[in-house]
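Summary of the model geometry
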Amino acid sequence: MDLKLLLNWRLHLTVILASLLAEWIGILRIPMGPGTLLLLPLFYAFIIGVLLNPHLFSGMNRIIPKSVSNAAGPLILIAILPFIAKFGSTIGPAIEQIIAAGPALILQELGNLGTMLLALPFAVLVLRMGRETIGATYSIAREPNIAIISDKYGLRSPEGIGIMGVYVVGTMFGTLYFALMAGYLASLDIFDVRALAMACGVGSGSMVAACSGALAEAMPGMRDELLAFSGASNLLTYATGLYVSLFIALPAAEWLYKRLSPTALQEARNENL
Amino acid sequence: MKTSDTVTIDNEQLQELRPENQLGKTALLLAVVCVAAWIANIVNGAPLLQALPGMIVLYAMVMLGLGIGRVAPFYLPSVAWVSLVSILMTLPFFPGNGWIVEQLTHVNFLAVVTPVLAYAGLALTGREFTMFRQTGWKLVIVSLLVFTGTFVGSAVVAHLML
């Protein structure tokens, strides 16, 4: 961490102005089909940030030099921490409700396997992707999952490329997508909103923030309870998610890939001959 | 296939990024990002003075969590430690929990995240933009399916259990 670059005042001033503008625009509700899309200030802040990013438009180099932008990565990790603390403070007061929902909270971790039922077959059968599929679809591709793939296959392997692709897409759009999806599903009224709140917990810090924030806006009356549930679920993801993805999800992805992929089937047949 | 160095996040880098390993620098940077959140909070949260104790409480919780993460005998991500500290301090039997929760109500939940996303947008590197162009549309579709599958999968299980 290079302090001189990280304390660049233009960077922080830009962030403050972008945030003020985003907060001032506020929450927009867009009716779409049977549900409603919620646009949150954090979307606009992200979009303003990307538009001012010197790597996208080199003219922005005058406001924020590329070197500052390159060094700013660690700031995201640090800036999310006060939010995590705020998040935790919704769990403490609601501890009794959370304990009452304990079994649901713990078992929904297994719901992470849902990614394989949907994404893996599509990637293999429709997009005809190779072993990238395993890295891309065995988990939600956050840092702990990358560590697992890096350990088992290396990041330059096809599996590594797959997970890094999803990681980058997640970094760029994951937060926005989670919030849109959560707000929309809540407005459709199919699921118990508390279940959606728990499902928000699967992602990275900012995904969880956007997702549960969108739910809280969709159901303002249940605000505190919803935040507490997604916070608790996220904490459990950190505690158990690594093991679920290492011991259950990854072997399951390998298994399913071998049964679906034409090339893997071919190889298996050749081995038998 | 062209993989290039763009894809690599090696372990050393991840180690270096962990905020609990550089507490001094983190304390300073945390103060800066807290100021950004504090100002962003004006619009939909509370005026500066009213939100000040809450922001200081958040700052203290984070530093405490990072400190514990530094000395803990086993590894948990710093977010988990910070979260645990904050849960503990707001539990009904924790001394002064009423005051803490009261102060934190002046800090708007979403306003704290808005600057994070502004930082995220500004910190995307050339590497990420390039990678995005290289990996292309297939991985975008797969990623969205991954997010949908995980989210809906968890929601279904939780819905059935509740």
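Just so it is clear, the model here is predicted, and its values are computed rather than measured.

Listed as interface residues are 113 residues of chain A and, on the opposing side, 91 residues of chain B. Interface area for chain A against chain B, summed over the two sides, is near 9,500 Å², with a carbon-plus-sulfur share of 82%. Scanning the region where chain A abuts chain B turns up zero salt bridges. Summed over the shared surface of chain A and chain B, the number is 14 residue pairs in polar contact (both at pLDDT 80 or more). Ranked by residues supplied to the side of chain A that touches chain B, first place goes to helix 11 (residues 158-188) of chain A with 19 residues. Partitioned by chemical class, the residues of the side of chain A that touches chain B number 77 nonpolar, 28 polar and eight charged.

Our next topic: unusual backbone geometry. Residues and elements named next belong to chain A. The phi dihedral of R128 falls on the positive side, at around 55 degrees, and the residue is not glycine. Within the secondary structure, R128 sits in the loop between helix 8 (114-126) and helix 9 (132-137). Given a relative accessible area of 58%, R128 falls into the exposed group.

Residue and element names in this part refer to chain A. The UniProt record marks residues 6-25, 37-56, 68-89, 110-129, 161-183, 195-215 and 235-257 with the feature "transmembrane region" (unreviewed entry), using the residue numbering of this structure. With 90% helix and 0% strand, the stretch residues 6-25 has end C-alpha atoms that lie 28 Å from each other. Annotated as 95% helix and 0% strand, the span residues 68-89 places its first and last C-alpha atoms 33 Å apart.

Cut-offs used in this document
- Residues numbered from 1 in each chain as written.
- Chains lettered and ligands numbered in written order.
- Predicted model: local features only at pLDDT ≥ 70, side-chain atom pairs only at ≥ 80, totals over all residues.
- Heavy atoms only, no water.
- Contact = heavy atoms within 4.5 Å.
- Buried area = accessible area lost by both parts, 1.4 Å probe.
- Salt bridge = Lys/Arg side-chain N within 4 Å of Asp/Glu carboxyl O.
- Polar contact = N/O pair within 3.5 Å; in protein donor to acceptor, adjacent residues only side chain to side chain.
- Helix = DSSP H or I, 4+ residues; strand = E, 2+ residues; numbered from the N terminus.
- Nonpolar A, V, L, I, M, F, W, Y, C, P; charged D, E, K, R; others polar.
- Buried < 20%, exposed > 50% of the residue type's maximum accessible area, 1.4 Å probe, protein only.
- UniProt positions renumbered as here; feature names shortened; annotations may be inferred.

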